[in-house]
Amino acid sequence: MEIPKNGFMKRTNAQYWTCQIAGWGAYSFAAGLPTGVLDHGWRPSVVIGYILFFLYSIGLTHLLRREAKRRHWTALPLPQALARLVAASIAIAAVQSALVVGIYAAIEGQLGVWSRPSSIVFMFIGLSVIGTIWTILYLTITSQRHSYEVRRNEKRMKAALGEAELRVLEAQVNPHFLFNCLNSIRGMISEDPAQAQDMITRLANILRYSLQRDRPHTVPLASEVEAVSDYLALESIRFEDRLRVHLSVEEVACQRAVPPMLLQMLVENAIKHGIEELPTGGDLFIRACLDGDVLRVEVENDGSLSEPRPDTTQVGLTNARERRRILYGEQATLELAPRGQGRVAATILIPSLA
Amino acid sequence: MKALIIDDERMARQELRRLLAAHPEIEIAAEARSGEEARELILQLAPDVLFLDVQMPGMSGFELLQQLDDVPQVIFTTAYDQYALKAFEISALDYLVKPVAPARLEAAIAKTFSCWNRKETIPACTSQTNGRWFRAH
């Protein structure tokens, strides 16, 4: 997941520079410089030496940080990350030592105290320790920040997932259908109470089926057909003779596994984009059969394939395709094509999973 | 006041008729099952108010209004509120979601009457919209 590089990154960088300047500043000007001045007085080699030391130490460790980031050292297991960083800090200590000696010699014109190798070794060891402390601080801070980021991403991911699930639900329970249906039921209550009761039962079945939590990845085609039948019974009350359903499902096909809501979605599409658009209504054919070992499910309706209406999201069809792909790979197909005689057909082919 | 109910679903028309029975001041002049039917009936009967469904096969409620030179007061009735903004853009008098709550219907009718009464003296009240559907008096 892409993390937007906004205020958080800016804050991180500000924190890093504050630590760098405060750390190396304290070491150079609060510890190093006073000691040097006490030992040697206000000599240019001491003052300039420490100012330069402050600058190149920040520069060198910054270089280390950049390389560590580029090579993703902080993502390594701790011992490996530590080994690489400590080795790099020791290398930096060597460079620092060389620079200290070089700058002193350049300003003073002689090696002075650095002519004794032991003092150079002593300084090198001291700087290695400082470098190692820098490394440990750096690792601690980054790992804390990393775990914070991981937690934040998890939260964000969860939110995104929730939203996706909601969109799926919206696609599955078409609000237009739901409210029209409730309206019909209310009208029906006084006209035909028995049928109104039946409609409520069917609507409850559909809602239960489509709102199911922890739904299995596949259901027998028979359950899907049952849900679709309830749905069509309700739509028939709305559309009356404008909706003419022809259902033929082979007995052998009934136990085959299909993704839940797949047939439902195709039938809903056929009504929403086909039959509902036709003033005189139309025929809807639902067929399921076995073609050798392949399950063939077809939803055919009167209507035409036109440009998607601007107010539709096509989320149903996209969703159906996506789930089909996840479950069956590229072997299964979902095709929407004109059929002649002013009809459109959606065909799904699903090979046996076994 | 003469009203026309326009909805492609019989149950929906019947339900609205049942609700309107509580308002004898509204006389249901006719019902139309489609935009085309409604257009003819509006020319014939010159209703004062339309109860208009948005989504209908052939011609939507919005398309019907675009085809009328002389537009009565419009109360939209629809199952889902995604069109509310558009409805108010064209200055519908009110917008009811199905199933219609009796209290909401009553409020819509009251609004219709207040506008209807005013129009006797203030013609501007009937200017439906952006000037496109201005009622000539």
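First, a word on what this report is: a plain description of the structure on this page.

**Let's talk about the overall build of chain A**
Move 1: Across its full length, chain A carries 9 helices and 7 strands.
Move 2: Expressed as a percentage of its 354 residues, the buried residues of chain A come to 40%.
Move 3: Pairs at least 24 residues apart make up 73% of the contacts formed inside chain A by residues separated by at least 6 positions.
Move 4: Surface exposure of chain A reaches about 19,600 Å², of which carbon and sulfur atoms provide 62%.

**Quick word on the environment of L64(A)**
Residue and element names in this part refer to chain A.
Move 1: Mapped onto the elements, L64 comes out in helix α2 (residues 44-70).
Move 2: For L64 and L85, which are 21 residues apart along the polypeptide, the C-alpha to C-alpha distance reads 8.2 Å.
Move 3: Residue contacts for L64: discarding those within four places in its chain leaves W73, L85, A88, I92 and W134.

**Observations concerning the sheet that holds strand β6 (residues 333-340) of chain A**
Residue and element names in this part refer to chain A.
Move 1: Spatial ordering of the open sheet is given by β2-β4-β5-β7-β6, a layout of 5 strands whose pairing is mixed. Of all the strands in the sheet, just β2 (243-249) and β6 have a single pairing partner and so form its edges. Between one strand axis and the next, the sheet turns by 15° as a mean value, whatever way the strands run.
Move 2: With 8 bridges connecting them, strand β5 (residues 294-302) and strand β7 (residues 343-350) associate as antiparallel partners. Within the sheet, the bridge partner assigned to E298 lies in β7 and is T347.
Move 3: Each of β2, β4 (282-291) and β5 touches helix α7 (residues 221-239); the most contacted strand, β2, lies at about 165° to it.
Move 4: Sitting on the sheet, helix α8 (residues 262-274) touches β2, β4, β5, β6 and β7, and the angle it makes with β5 is about 20°.

What counts and what doesn't
- Residues numbered from 1 in each chain as written.
- Chains lettered and ligands numbered in written order.
- Predicted model: local features only at pLDDT ≥ 70, side-chain atom pairs only at ≥ 80, totals over all residues.
- Heavy atoms only, no water.
- Helix = DSSP H or I, 4+ residues; strand = E, 2+ residues; numbered from the N terminus.
- Buried < 20%, exposed > 50% of the residue type's maximum accessible area, 1.4 Å probe, protein only.
- Contact = heavy atoms within 4.5 Å.
- Areas by Shrake-Rupley, 256 points an atom, 1.4 Å probe, with all protein chains shown as cover.
- Pairing = 2+ DSSP bridges.
- Axes fitted to C-alpha atoms, helices over the stretch in contact; angles between N-to-C directions.

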